[in-house]
Amino acid sequence: MNESAAALYDRVRTVIPPAEWPVFETDIEAILALKRTRNAVILAHNYQTPEIFHCVADIVGDSLALAREATRVEAQTIVLAGVRFMAETAKLLNPQKTVLIPDLAAGCSLADSITPADVRLLRQRYPGVPVIAYVNTSADVKAEVDICCTSGNARKVVESFGASRVIMLPDEYLAKNVAAETNVEIIAWKGHCEVHERFTPADIAELREAYPDVVVLAHPECPPEVVAAADFSGSTAAMSDYVGAQRAGRIVLLTECSMSDNIAAQRPDLDFVRPCNLCPHMKRITLRNIRRALERNEHVVEVDPAVADQARRAVERMLAL
Ligand code: 13P
Ligand code: SF4
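Summary of the structure given here.

Conventions and cut-offs
Residues numbered from 1 in each chain as written. Chains lettered and ligands numbered in written order. Predicted model: local features only at pLDDT ≥ 70, side-chain atom pairs only at ≥ 80, totals over all residues. Heavy atoms only, no water. Helix = DSSP H or I, 4+ residues; strand = E, 2+ residues; numbered from the N terminus. Rg over C-alpha atoms; globule rule 2.2 N^0.38 Å. Buried < 20%, exposed > 50% of the residue type's maximum accessible area, 1.4 Å probe, protein only. Contact = heavy atoms within 4.5 Å. Areas by Shrake-Rupley, 256 points an atom, 1.4 Å probe, with all protein chains shown as cover. Lys, Arg positive; Asp, Glu negative; His and termini not counted. Charge placed at Lys NZ, Arg CZ, Asp CG, Glu CD. Pairing = 2+ DSSP bridges. Near = heavy atom within 4 Å. 1 Å grid on protein atoms, 1.4 Å probe; cavity = no way out; pocket = protein on both sides within 12 Å on 5 of 7 lines; lining within 4 Å. Sits in = over half its atoms within 2 Å of the grid points. Nonpolar A, V, L, I, M, F, W, Y, C, P; charged D, E, K, R; others polar. Polar contact = N/O pair within 3.5 Å; in protein donor to acceptor, adjacent residues only side chain to side chain. Axes fitted to C-alpha atoms, helices over the stretch in contact; angles between N-to-C directions. Disulfide = S-S within 2.5 Å. Arc of directions from axis to C-beta.

### A short note on the overall build of the protein
Working step 1: Helix and strand counts for the protein stand at 15 helices and twelve strands.
Working step 2: Against the compact-globule benchmark of 20 Å for 321 residues, the protein has a radius of gyration of 20 Å, which places it among compact chains.
Working step 3: Its C-alpha atoms put the protein at 65 × 55 × 30 Å along the principal axes.
Working step 4: Of all 321 residues assigned to the protein, the portion counted as buried reaches 56%.
Working step 5: By sequence separation, contacts in the protein at least 24 residues apart represent 60% of the contacts at least 6 residues apart.
Working step 6: If you sum the accessible surface of the protein, you get close to 13600 Å²; carbon and sulfur atoms cover 49% of it.
Working step 7: Charge centroids of the protein, computed over 34 positive and 43 negative side chains, lie 4 Å from each other.

Right under this line is the structure:
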């Protein structure tokens, strides 16, 4: 292994066995070179695997951080190592730049749970009630709403209207978890994250019995009973910060599996206990298809001009808060 490869491997040595590293090394070197020649940056969500997150990404974070950072990118090309709605958001905020997603099939069960027609029906049913869309929605749904939110700022967005009730879509559980923290009445939709809906309070009870000292963190896309039984709930960035402040000990992250791996790579003193669940959409992104995206300029993300301005307005309102 040459010196630069050794330095890269050092970042992930506690989570990637030496025997697996050669599989990644060639793609990593190719991607680092392609980023220079193509004037490209890679934005990676916290759920990306450690070889992507620690070895090729320029900017990492939760959905809110990725949207914020997308407004500051100077490079001409952005590769979004995440799911389609994140790439669409990056494109909305960078209409003049090339935004690539390595696999167009990287969707999201929440984004798929609601259509623009559904939002129009909600508006008819609740006239005058502000409508908030989680960023986990398609651009054409964003175009129908007043503002976006993420799990990192949902309460702030809900309270920003000074209204007694709001509609928050499409995540029923996020809406209920935020409702538990505010006096604003929240009308929810029935969408669920296929990764987080699978956690149960029984998982937490079993964990606490097996490891009485375990600290339990749950993403707010988990059902409210799960969040209530956890020690902390927050966006992926908030969970990461919370764990960062912990001394050695046992942690369980009720969220996507790569979160634990990415933190464990930097905190070998912490013992991450499972369960976790894989997001099949996030896992569609690999070093191999990131490399191909840069080599072939694929897949170029476009947003329908008929909805782009309205959708951008909803995202920009959120970022301005
Ligand atoms: P955050 O990173 O914003 O917490 O979102 C989690 C998620 O499920 C993204 O799809
Ligand atoms: Fe969507 Fe859930 Fe996957 Fe996030 S973890 S991309 S919310 S399916």
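### Overview of the pairing of strand E9 (residues 215–218)
Working step 1: The alternating pattern of E9 places Val215 and Leu217 on one face and Val216 and Ala218 on the opposite face, and all of these are buried.
Working step 2: Pairing geometry for E9 and strand E11 (residues 249–254), over four bridges, is parallel. Residue pairing across strands places Leu217 opposite Leu253, the latter belonging to E11.
Working step 3: Bridge count for E9 against strand E10 (residues 232–233) is two bridges, and the pairing is parallel. When the bridges of E10 are listed, Ala218 appears paired with Ser233.

### A short note on the site of ligand 2
Working step 1: Neighbouring residues of ligand 2: Tyr47, Val83, Cys108, Ser109, Leu110, Asn136, Cys193, Val195, Glu221, Cys279 and His281.
Working step 2: When each cavity is represented as a set of grid points, ligand 2 is found to reside in the largest cavity.
Working step 3: Residue composition of the shell around ligand 2, by class: seven nonpolar, three polar and one charged.

### Observations concerning the site of ligand 1
Working step 1: Near ligand 1, the surroundings consist of 13 residues, among which His45, Ser63, Ser151, His219 and Thr236 are the closest.
Working step 2: His219 is positioned with one of its side-chain polar atoms (N or O) 2.7 Å from an oxygen atom of ligand 1.
Working step 3: The side chain of Glu221 places a nitrogen or oxygen atom 3.2 Å from an oxygen atom of ligand 1.
Working step 4: The fraction of the free accessible surface of ligand 1 (300 Å²) that becomes covered by protein chains is 96%.
Working step 5: In a pocket analysis with a 2 Å cut-off to the grid points, ligand 1 is assigned to the largest cavity.
Working step 6: Broken down by class, the residue content of the shell around ligand 1 amounts to four nonpolar, seven polar and two charged.

### Considerations on the sheet that holds strand E2 (residues 59–61)
Working step 1: If you trace the four strands from one edge of the open sheet to the other, you get E2-E1-E3-E4, paired in parallel fashion. Across the chains shown, the open sheet's two edge strands, defined by having one partner strand only, are E2 and strand E4 (98–100). The sheet shows a mean angle of 20° between the axes of neighbouring strands, direction not considered.
Working step 2: Where helix H2 (residues 21–38) meets the sheet, it contacts strand E1 (40–45), strand E3 (77–81) and E4, and its direction lies at approximately 130° from that of E1.

### A few points about helix H14 (residues 287–296)
Working step 1: Where H14 is concerned, the buried positions are Leu287, Asn289, Ile290, Ala293 and Leu294.
Working step 2: Summarising the contacts, the buried residues of H14 are in contact with H2, E1, helix H3 (50–53), E3 and E4.
Working step 3: Positive phi appears at Asn297, one or two residues downstream of H14, with a value of about 55°.

### Quick word on the state of the cysteines
Working step 1: Within this structure, the stated rule accounts for one disulfide.
Working step 2: Across the disulfide, Cys257 is cross-linked to Cys276 (sulfur-sulfur distance 2.2 Å). Taking the torsion about the S-S bond as the criterion, the Cys257 to Cys276 disulfide, at about 100°, is right-handed. Here Cys276 lies in the loop between strand E12 (270–272) and H14 and Cys257 lies in helix H13 (residues 257–264), a separation of 19 residues in the sequence.
Working step 3: Judged by relative accessible area, which is 10%, Cys257 ranks as buried.
Working step 4: Cys222 takes part in no disulfide bond, and the closest cysteine sulfur to it belongs to Cys193, at a distance of 8.0 Å.

### Things to note about helix H4 (residues 63–70)
Working step 1: Every buried residue of H4 is listed here: Ser63, Leu64, Leu66, Ala67 and Ala70. An end-on view of H4 places all buried positions within 165° of arc, on one side of the element.
Working step 2: The secondary structure elements touched by the buried residues of H4 are E1, E2, helix H5 (84–93) and helix H15 (305–320).

Remember that the coordinates give geometry; whether it matters functionally is a separate question.
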